[in-house]
Number of protein chains: 2
Amino acid sequence: MCQDDLVSDVWQRPERRSDALTKARIVEAAITILNAGGADALTFRALAADLSTGAGALYHHVANKGELLSAAAAEMMAEVLADAGSTDPATSIRALTAGVFDEITAHPWLGSQLVAAPWQPAVLQLFDRIGSEVTALGVPEAAQFDAASALVHYILGVASQYDASQHLDQADADRPGFIASSTSPLVGPDSERYPFLVRIEQQLVEHDDRQQFYAGIEIILTGIAALRDTERDSAVGGVQRQEHPCEQLHARTDNRH
Amino acid sequence: MCQDDLVSDVWQRPERRSDALTKARIVEAAITILNAGGADALTFRALAADLSTGAGALYHHVANKGELLSAAAAEMMAEVLADAGSTDPATSIRALTAGVFDEITAHPWLGSQLVAAPWQPAVLQLFDRIGSEVTALGVPEAAQFDAASALVHYILGVASQYDASQHLDQADADRPGFIASSTSPLVGPDSERYPFLVRIEQQLVEHDDRQQFYAGIEIILTGIAALRDTERDSAVGGVQRQEHPCEQLHARTDNRH
DNA sequence: ACACATGTTGGAACTACGTTCCATACTTCT
DNA sequence: AGAAGTATGGAACGTAGTTCCAACATGTGT
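Starting from 1, residues in each chain are numbered consecutively following that chain's sequence as written. Each chain is given a letter, starting from A, and each ligand a number, starting from 1, according to the order in which they appear as written. With the structure being a predicted model, the display of local features is reserved for residues of pLDDT at least 70 and the display and counting of side-chain atom pairs for 80 or more, all residues being used for whole-chain, interface and lining totals. Excluding hydrogens and water, the side-chain figures rest on all heavy atoms present in the structure.

Colleague: Help me out: how do you make sense of the nonpolar core in this one?
Modeller: Inside soluble globular proteins, nonpolar side chains tend to come together where they are buried. Put simply, a nonpolar core is a bunch of buried Ala, Val, Leu, Ile, Met, Phe, Trp, Tyr and Cys residues held in one set by side-chain atoms that sit within 4.5 Å of each other. Burial here depends on accessible area, computed with a 1.4 Å probe over protein chains only, as a share of the maximum for the residue type. Under 20% is buried, over 50% is exposed, and the range in between is partly exposed. By size, the foremost hydrophobic cluster in this structure holds 144 residues, and its most contacted members are L47(A) and L47(B). Setting aside residues up to four positions removed in sequence, L47(B) forms contacts with I26(B), A29(B), A30(B), I33(B), L42(B), L58(B) and L68(B). It only takes one pair of heavy atoms within 4.5 Å for two residues to be counted as in contact.

Colleague: Which parts of the structure should I look at to understand the packing of helix α5 (residues 89-106) of chain A against helix α6 (residues 108-116) of chain A?
Modeller: Describing two packed helices takes the angle between their axes plus the distance from one axis to the other. Residue and element names in this part refer to chain A. Running from amino to carboxyl end, α5 crosses α6 at an angle of 110°, the nearest separation of the two axes being 4 Å. It follows that α5 is roughly perpendicular to α6 by the angle criterion. Across from E103, I104, T105 and A106 in α5, the residues of α6 making contact are P108, L110, G111 and L114. For every element, the axis is a line fit to its C-alpha atoms; helices are fit only across the contacting stretch, and the angle between N-to-C directions ranges from 0 to 180 degrees. By the criteria applied, helices consist of DSSP H or I runs no shorter than four residues and strands consist of E runs no shorter than two, each listed in order from the N terminus. Angle categories: roughly parallel below 35 degrees, roughly antiparallel above 145, roughly perpendicular from 65 to 115, and oblique for all the rest.

Colleague: What's the story with the packing of aromatic side chains in this structure? I'm lost.
Modeller: Given two aromatic rings, one states the distance between the centres and the angle between the planes to describe the pair. Residue and element names in this part refer to chain A. Two rings from Phe, Tyr or Trp (for Trp, the six-membered ring) form a pair when their centres are within 6.5 Å of each other. A pair whose planes differ by under 30 degrees is stacked, one over 60 is edge-to-face, and the rest are tilted. With the rule as written, the count across this model stands at 14 aromatic pairs over all chains. Judged by centre distance (4.7 Å) and plane angle (15°), the ring pair of F44 and Y59 falls under stacked. Separated by 15 residues along the polypeptide, F44 in helix α2 (residues 44-50) and Y59 in the loop between α3 (55-58) and α4 (65-83) bring together distant segments of the chain. Owing to a relative accessible area of 12%, F44 belongs among the buried residues under this scheme. Grouping aromatic residues by their ring pairs yields a cluster made of F101, Y154, Y162, F213 and Y214.

Colleague: Explain a negative patch on the surface here, please?
Modeller: Residue and element names in this part refer to chain A. Together, E28, E75, E79 and D83 make up a region of like negative charge exposed at the surface. The greatest single-element share of the negative patch, amounting to three residues, is contributed by α4. On the secondary structure map, E79 appears in helix α4. A residue counts toward a patch only above 30% relative accessible area and without a salt bridge, and it is joined to like-charged neighbours within 9 Å or, for Val, Leu, Ile, Met, Phe, Trp and Tyr, to nonpolar neighbours within 5 Å. Note on areas: Shrake-Rupley with a 1.4 Å probe; residue coverage comes only from the protein chains shown. Any carboxyl oxygen of Asp or Glu within 4 Å of a side-chain nitrogen of Lys or Arg constitutes a salt bridge here. When charges are counted, Lys and Arg are positive and Asp and Glu negative, with His and the chain ends excluded. For the purpose of locating charges, the reference atoms are NZ of Lys, CZ of Arg, CG of Asp and CD of Glu.

Colleague: I tried to follow helix α12 (residues 209-229) of chain B on my own but got confused; where do I start?
Modeller: Residues spaced three or four apart along an α-helix point in a common direction, a consequence of the helix completing one turn every 3.6 residues. Compared with the 30 Å implied by 1.5 Å per residue over 21 residues, the 31 Å span of α12(B) between its first and last C-alpha is a close match. Among the 21 residues of α12(B), 17 are classified as buried, and the element is accordingly described as predominantly covered. Here the expected span of a helix is defined as 1.5 Å times the quantity of residues minus one.

Colleague: I'm lost on the environment of E75(B) in this one. Help?
Modeller: All names here are of chain B. You can see E75 is positioned in helix α4 (residues 65-83). The partly exposed category is assigned to E75, whose relative accessible area is 33%. Note: C-alpha distance between E75 and A122 (47 residues apart in sequence) is 7.6 Å. Look past the residues within four positions of E75 in its chain and what remains in contact with it is V27 and I31.

Colleague: Any chance you could explain the side chain of H107(A) here in plain terms?
Modeller: All names here are of chain A. Topologically, H107 is positioned in the loop between α5 and α6. Separated by 3.2 Å, the side chains of H107 and N35 make a polar contact. Ignoring any residue separated from it by four or fewer positions in sequence, one finds H107 in contact with N35 and M76. A 3.5 Å cut-off defines polar contacts: any pair of N or O atoms within that distance qualifies, except that in protein one atom must be a possible hydrogen donor and the other a possible acceptor, and neighbouring residues in sequence count only when both atoms are side-chain atoms.

Colleague: Help me understand the environment of A46(B) in this model?
Modeller: All names here are of chain B. If you trace the backbone, A46 turns up in helix α2 (residues 44-50). We classify A46 as partly exposed; its relative accessible area is 27%. The spatial distance from the C-alpha of A46 to the C-alpha of A29 is 10.0 Å, given a sequence separation of 17 residues. In this structure, A46 is in contact with I33 and A41, ignoring residues within four places of it in sequence.

Colleague: What is the right way to look at the confidence of the model for chain A in this model?
Modeller: Note: predicted coordinates in regions of low pLDDT should not be interpreted at a detailed level. Residue and element names in this part refer to chain A. pLDDT: the predictor's confidence for each residue, scored from 0 to 100. Summarising the model, chain A shows a mean pLDDT of 81, and 72% of its residues fall at 70 or more. Across residues 1-16, where pLDDT falls below 50, the model places eight contacts with residues more than four positions away in sequence or in other chains. When the criterion is pLDDT under 50, residues 165-177 qualifies, and its contacts beyond four places in sequence or with other chains add up to 23 contacts.

As structure tokens, then:
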């Protein structure tokens, strides 16, 4: 179908006319639409119109909408990760994660996309970068994967809940407004359903999402630091899975069901 | 439009014929479809067919598909949270989170739905329950919100990446297969793009998702335990935001950009 | 009992979007 | 120049969420 990096031909794609459609141009135009109008604004028709072409032509460069979104997210992630860098691993992780947070808050579609398709390139980039920093942090090899996984999944969880602008209309049928900043202060039937949330209601409405995100990162970094200090009784040799060192910190009880 | 819990009338809805459409029946049927065929199988037409009615009739009880999915997820979450309970808070948290993980792996649509709409009822239930357990854990009040938030967001992040069965076809255009169990062992161009992932490749293919999920929970619990032990220099009085105690564990450097 | 008001039902129709198809045009190789 | 293969773009298809509306059931007031 379309020419990709993996074509077995030795034949290089010739340069056609200057306004030729390329995956790069399409993805760039897609990002422009996404940043301007959000995820709903990106349609193949709108994209084709912006590129002065037809919808069908796009399919010679992009397999489907999912690939288009993955590519767009990957490009955004690459830019974020390119900026953030430091000599100190912990500082790097803080800068990295803060950069991702900023990008997601600035462009909510990114958060939605990161959690829409599992293990897409953008997530792999993030995972790899965080894994490298975790390694530099001195975490023993057997725990590096778990440590990076915890950080990445936390970030993705935050990303998933952060496109608050839209989508919250559909969850409102049961609780119109809810913690919508100032409207309904979580009273009435919610008091019985959500005792904890009601108790910390003031923090709920007054808290800063960014500070809370940072706090979560610090919690996980603390936990990772403990991993590093508990290296003693873990075998150094081959890859030992099944029993992760962290499971020796707190004796786990059975919790299947 | 439809009658809900919040009607101001004193008038109670009379019981019509026994096969009357109700939101409860609709949600139940939706869950059946979702569990059987996944998220794609749930259409208003299929749902209407199962209930021997028309699609239009459903809209008198459910505002839109988003509300339907939120309600279905909320019911699943309520069941999971009802089961898991213990006297020891840490044990409770482990049992709770493990239960949610099991439910998500058993019913992948749940994971997708939890991250599709932010702060939907199912997420609030989980947040509230975890918050209560965190409180019982002895975490100081000012840090309870952050601690619960970290756990919930981590779980949501895992949920987002766990419906691996589908959706990964669209991200495959660049890397056909990737870590798809055994097919493409992460070689070729990936070696340069993802140095960390390549290095831990063996763990990647051999690791147990469940064990890694547990490991993440333990990391966060360790970080939360540190929060509890660092209560000393935090004012006990009113709600102090802006500076979370955890931020005093590791001196944060500036990381805006 | 009988009309009226109100809420319910269910099927058709509308709309939007992803995707496919195909005739046309373009570029390069021989 | 002719052949071969790719790119283009617009029409057309299929699907799914949602809306519309006429027929119906239910309860109220007389």
